[in-house]
Amino acid sequence: MDGWNAPGTGSRSPGGGRGAGPGPLTDDTPVYVISVAAQLSGLHPQTLRQYDRLGLVCPDRTAGRGRRYSARDIQLLREVQRLSQDEGINLAGIKRIIELEHQVAVLRSQVAEMQQALEGAALAMRQREAQVHASYRRDLVPYQDVTHQGAVVVWRPERRG
């Protein structure tokens, strides 16, 4: 269920639909009426209404309040049904699973953003470091003490006397 919208979290435009207006169709574009969505998901329309009331799968609404399902909504409907029938998970548990998977997706996105920011900061630091090194004065010569270089010095204690 990775990448699905949690109930009620679809990015909705002021017109009420995620994909309101002309444009390319995506998995989030609400295009299917409830009867078609029911047929595509293999569920009864009343089941889709119940899932909507429970907040499991929340389709977009038209101006007349009709439901419009996206391909992602239909995929989620199938997953809800699979979890319910094959795994024996109750609807409250399924709702919690969907919410947690949404949180994981959000956190993964935040981690990716932070990694990009970190890489950008590291690059900026390396560039600044290179600028500092490039600004060193080249006319300075390191000091070398030539008096002790390779010379043998014999020490003789002074006699007191």
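Everything numeric here is computed off the predicted structure, so don't read it as measured data.

### Thoughts on the overall build of the protein
- Summing up its helical and strand segments, the protein has four helices and two strands in all.
- What you see in the protein, going N to C, is helices and strands ordered as α-α-β-β-α-α.
- The burial tally for the protein puts 22% of its 161 residues in the buried class.
- Sequence-distant contacts, at least 24 apart, represent 62% of the contacts inside the protein between residues at least 6 apart.
- When the accessible surface of the protein is split by element, carbon and sulfur atoms take 53% of a total near 11,900 Å².

### Quick look at the pattern of salt bridges
- One pass over the full model with this rule turns up six salt bridges.
- A salt bridge links D28 to R72, with the nearest nitrogen and oxygen atoms 2.5 Å apart. You can see D28 sitting in the segment before α1 (34–41) and its partner R72 sitting in helix α3 (residues 71–85), a full 44 residues away along the chain.
- Here the residues in one salt-bridge network are D52, R61 and R67, joined through shared partners.

### Brief notes about a nonpolar patch on the surface
- Together, V33, V36 and L40 line one region of the surface with nonpolar side chains, adding up to about 180 Å² of accessible area.
- Relative to the assigned elements, L40 resides in helix α1.
- Residue class for L40 comes out partly exposed when judged on its relative accessible area of 38%.

### Brief notes about the packing of α1 against α3
- In the contact formed by α1 and α3, the axes pass within 9 Å of each other and the chain directions differ by 50°. Viewed along their axes, α1 and α3 adopt a mutual orientation that is oblique. Seen along the crossing, α1 lies across α3 with a hand that is right-handed. Residue-level inspection shows A37, L40 and S41 of α1 in contact with α3, the latter providing I74, L77 and R78.
- Looking at the contact of α1 with α3 residue by residue, the class counts come to four nonpolar, one polar and one charged.

### As for the confidence of the model for the protein
- Mean pLDDT over the protein works out to 84, with 78% of the residues at or above the 70 mark.
- When the elements of the protein are averaged for pLDDT, strand β1 (residues 60–61) gives the smallest value, 92, and helix α4 (residues 91–134) the largest, 96.
- Of the regions scoring below 50 in pLDDT, residues 1–19 engages in 49 contacts with residues more than four places distant in sequence or in other chains.

### Focus on the environment of S84
- Mapped onto the fold, S84 is located in helix α3.
- A relative accessible area of 27% places S84 in the partly exposed class.
- Taking the C-alpha atoms as reference points, S84 and I94, 10 residues apart in sequence, are found 7.5 Å from one another.
- Filtering out sequence-adjacent residues up to four positions away, S84 remains in contact with I89 and I94.

Calculation criteria
- Residues numbered from 1 in each chain as written.
- Predicted model: local features only at pLDDT ≥ 70, side-chain atom pairs only at ≥ 80, totals over all residues.
- Heavy atoms only, no water.
- Helix = DSSP H or I, 4+ residues; strand = E, 2+ residues; numbered from the N terminus.
- Buried < 20%, exposed > 50% of the residue type's maximum accessible area, 1.4 Å probe, protein only.
- Contact = heavy atoms within 4.5 Å.
- Areas by Shrake-Rupley, 256 points an atom, 1.4 Å probe, with all protein chains shown as cover.
- Salt bridge = Lys/Arg side-chain N within 4 Å of Asp/Glu carboxyl O.
- Patch = residues over 30% accessible without salt bridge, like charges linked within 9 Å, V, L, I, M, F, W, Y side chains within 5 Å.
- Axes fitted to C-alpha atoms, helices over the stretch in contact; angles between N-to-C directions.
- Parallel < 35°, antiparallel > 145°, perpendicular 65-115°, else oblique.
- Left-handed = near helix turned anticlockwise from the far one by under 90°.
- Nonpolar A, V, L, I, M, F, W, Y, C, P; charged D, E, K, R; others polar.
- pLDDT = per-residue confidence, 0-100.

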